[in-house]
Amino acid sequence: MMKLSVVILAAGLGKRMCSALPKVMHPIGSKPMLAHVFAAAQSLSPDAIYIVQNAIRPLLSECFKPEVVTNPLCKLTWVTQAQQLGTADALKSVLPYLDLSEREKEREGEEQVLILCGDTPLVSAELLDGFMKSLKPDLVKEHSCMGFISARVDNPTGFGRVIRDSQHSPIAIVEEREANAAIRAITEINSGIFCVSLHLLISLLPKLSNQNTQQEYYLTDLVQLAVSEGKAITAYLAPNAEEVMGVNTRYQQALVERLYQQKQVQKLMAEGVSIRDLNRVDIRGRLQCSPDVIIDVNTLFEGNNKIGARTKIGANCILVNCEIGEDVEILPFSYLSGVTVGKGCQIGPYARIRPETVLANNVKIGNFVEVKKSQIGTDSKINHLSYVGDAILGTSVNIGAGTITCNYDGLNKHQTIIEDDVHIGSDTQLVAPLRIKQGTTIAAGSTIIQDTEAGKLTLTQTLNQRVVDHWVRPVNQKINK
Ligand code: UD1
Ligand code: CA
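Residues numbered from 1 in each chain as written. Chains lettered and ligands numbered in written order. Predicted model: local features only at pLDDT ≥ 70, side-chain atom pairs only at ≥ 80, totals over all residues. Heavy atoms only, no water.

(A) Here's a closer look at the overall build of the protein chain. The number of helices and strands found in the protein chain is nine helices and 39 strands. Expressed as lengths along the three principal axes of its C-alpha atoms, the size of the protein chain is roughly 105 × 65 × 45 Å. For the protein chain, the residues scored as buried account for 48% of the 481 residues in total. Considering only contacts in the protein chain between residues 6 or more positions apart, those separated by 24 or more positions represent 43%. About 23600 Å² of surface is accessible on the protein chain, with carbon and sulfur atoms providing 51% of the total. For the protein chain, the centre of its 48 positive side-chain charges and the centre of its 50 negative side-chain charges are spaced 5 Å apart. (Helix = DSSP H or I, 4+ residues; strand = E, 2+ residues; numbered from the N terminus. Buried < 20%, exposed > 50% of the residue type's maximum accessible area, 1.4 Å probe, protein only. Contact = heavy atoms within 4.5 Å. Areas by Shrake-Rupley, 256 points an atom, 1.4 Å probe, with all protein chains shown as cover. Lys, Arg positive; Asp, Glu negative; His and termini not counted. Charge placed at Lys NZ, Arg CZ, Asp CG, Glu CD.)

Put into structure tokens, the structure is as follows:
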């Protein structure tokens, strides 16, 4: 049986990013680029994965949060490339781990080494699978297989160019820096993804030289070297060139981010979601939607979000780790984080709902309302300009405009409990801890400091309305300073 090891090259200094953060840790869809490549590598269920990093800026373990490790069976080994002497040198640093003599003792058969770059985050499982299947089995058996993924692009700037002979067989890859004008005009590029038989790799790597403008050991020189030794090389043309776009600069990162977003959007659309403008939605994490969800422009989804059927997300909304029920309407400019929303709720515009808030069914949260760590019962309404924090509201509660739960005494947070069918008048302060009993009505402008009696009207203001007879509006009485 063929054995497969995957090497992910990620030790480059990423100078073109001008950043303290290692390049491969820069995000695409909020996940480090390396984590995307690592996921694609795991999809092949290889026997081992090696990630090559540098000693100066070790890669952050954040990349390997549990959700990133999708295949716990593959063994991951971190390898350090002492000095950044080029892509072939990076691969050399893995050779001791791939030691053939050691391995041959344990197992027989062919071993392939698949080389990926940590800066091509769009590489998909399907692309790698297609590539591996394109490799000629007889060459794999003879331990003399070498192939790479190429792509046809409109703008090849910055990539290595693929040179083919008159029979159309690939015979060399020339880096842009080493290329003359004729070679630069070639639009078939090297993706940086190679697969080589371990035997062949071990024999060729030491023969590479660094006689080039950069004085680096180029992995791409393997092609010419193998050809000179009479080996046949496969170049597998990527069906979708976008998947091999590399990120060397922040501009390329932004281009790749948009391609990544479009891919997410297309997937959602295929599942029955309407997205008003595919260039104006950002999914940074996982978004699951039931059919007939409608997402308007400039919406941002972070973390894990789940949205029920027929729910509408208005323009300029942000959802972070939310679970939203069916037939909900979230109106423009609302920001929800860590919120569970029941069926048929209406939220916004301009609502802010903070973590640990649970809305039951048919709740209405209106404009300029902030809700924090609260449970709001079925059919309850907080329609305008209010702050509700650390509260539990029963069913059919109506909170008037400008109501504040005064939950903080400067040291501790206190709870407000509002039972079913309570009506709270506008501009009320509820000083917690407090229980507003079932059916209470509170008159506008009250400051409530004690638990109320069920079913009663409660008020604290002295109603003292007067008429001032001789007062005149200051019309045409502008004072000259
Ligand atoms: C490389 C290829 C180029 C290809 C392009 C595809 C070479 C010489 N060139 O160019 O043909 O078209 O990728 O995106 O291979 N790295 C190390 N150690 C090093 C240098 C680099 O681990 O000493 C890693 C980097 O972290 C990166 C990858 O190797 O993940 C590629 O290196 P990079 O410098 O980005 O190569 P390109 O110039 O993009
Ligand atoms: Ca690159």
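(B) Highlighting the coordination of the calcium ion (ligand 2). Within the protein, the calcium ion (ligand 2) binds to Asp119 (OD) and Asn248 (OD1); these donor distances fall in the range 2.2 to 2.4 Å. Remark: Asn248 occurs in the loop between strand S11 (233–237) and helix H9 (250–270) and Asp119 occurs in the loop between strand S6 (111–117) and helix H4 (125–134); sequence separation between them is 129 residues. The two residues Asp119 and Asn248 agree in class, both being buried. (Donors = N, O, S within 2.8 Å, 3.2 Å for Na, K, Ca; no water.)

(C) View of the pairing of strand S4 (residues 48–54). Here S4 lies mainly inside the structure; seven of its seven residues are buried. Sheet topology note: the strand S1 (residues 3–9)/S4 ladder contains five bridges and is parallel. Pairing of Leu9 across the sheet is with Val52, part of S4. (Pairing = 2+ DSSP bridges.)

(D) Quick look at the side chain of Thr416. Within the element layout of this structure, Thr416 appears in strand S33 (residues 416–418). If sequence neighbours within four positions are ignored, Thr416 has contacts with Asp390, Ala391, Ile392, Thr405, Leu430, Ala432 and Leu434.

(E) Just the domain arrangement of the protein chain, in detail. Assigned domains within the protein chain: domain 1 (3–244) and domain 2 (250–458). Between the C-alpha centres of domain 1 and domain 2 there is a distance of 47 Å. Contacts between the two partners involve 13 residues from domain 1 and, on the opposite side, 11 residues from domain 2. Surface buried jointly by domain 1 and domain 2 totals about 1100 Å² across both partners, of which 60% is contributed by carbon and sulfur atoms. When the buried area of domain 1 at its contact with domain 2 is split by residue, Ile28, Gly29 and Leu122 rank highest and sum to 44% of it. Our count for the contact surface shared by domain 1 and domain 2 stands at zero salt bridges. Our count for the contact surface shared by domain 1 and domain 2 stands at five residue pairs in polar contact (both at pLDDT 80 or more). (Domains from an automatic or database assignment. Buried area = accessible area lost by both parts, 1.4 Å probe. Salt bridge = Lys/Arg side-chain N within 4 Å of Asp/Glu carboxyl O. Polar contact = N/O pair within 3.5 Å; in protein donor to acceptor, adjacent residues only side chain to side chain.)

(F) Representation of the sheet that holds strand S12 (residues 274–275). Reading across from one edge, S12-S14-S16-S19-S22-S25-S28-S31-S34-S37-S39 is the order of the 11 strands in this open sheet, with parallel pairing throughout. Both outer strands of the open sheet, S12 and strand S39 (457–458), are each paired with one neighbouring strand and no more.

(G) Examining the pattern of salt bridges more closely. Scanning all chains against the criterion turns up 16 salt bridges. Residues Arg280 and Asp277 are paired through a salt bridge, measuring 2.8 Å at the closest nitrogen-oxygen approach. Take Arg280: its relative accessible area is 38%, and that puts it in the partly exposed class. Each of Arg152, Arg164 and Glu188 takes part in salt bridges that share partners, so that together they form one network.

(H) Here's a closer look at the pairing of S6. Taken across its seven residues, S6 has seven buried, putting it largely inside the fold. Side chains Glu111, Val113, Ile115 and Cys117 project from S6 onto one buried face, and the interleaved Gln112, Leu114 and Leu116 project onto a second face that is buried too. As paired strands, S6 and strand S10 (residues 188–197) are joined by four bridges and run antiparallel to one another. Residue pairing across strands places Leu114 opposite Cys195, the latter belonging to S10.

(I) View of helix H8 (residues 221–228). Those residues of H8 not exposed but buried are Leu222, Val223, Leu225 and Ala226. Contact partners of the buried residues in H8: strand S7 (146–152), strand S9 (170–174), S10, helix H7 (198–204) and S11. One or two residues past the end of H8 sits Gly230, with phi positive at roughly 80°.

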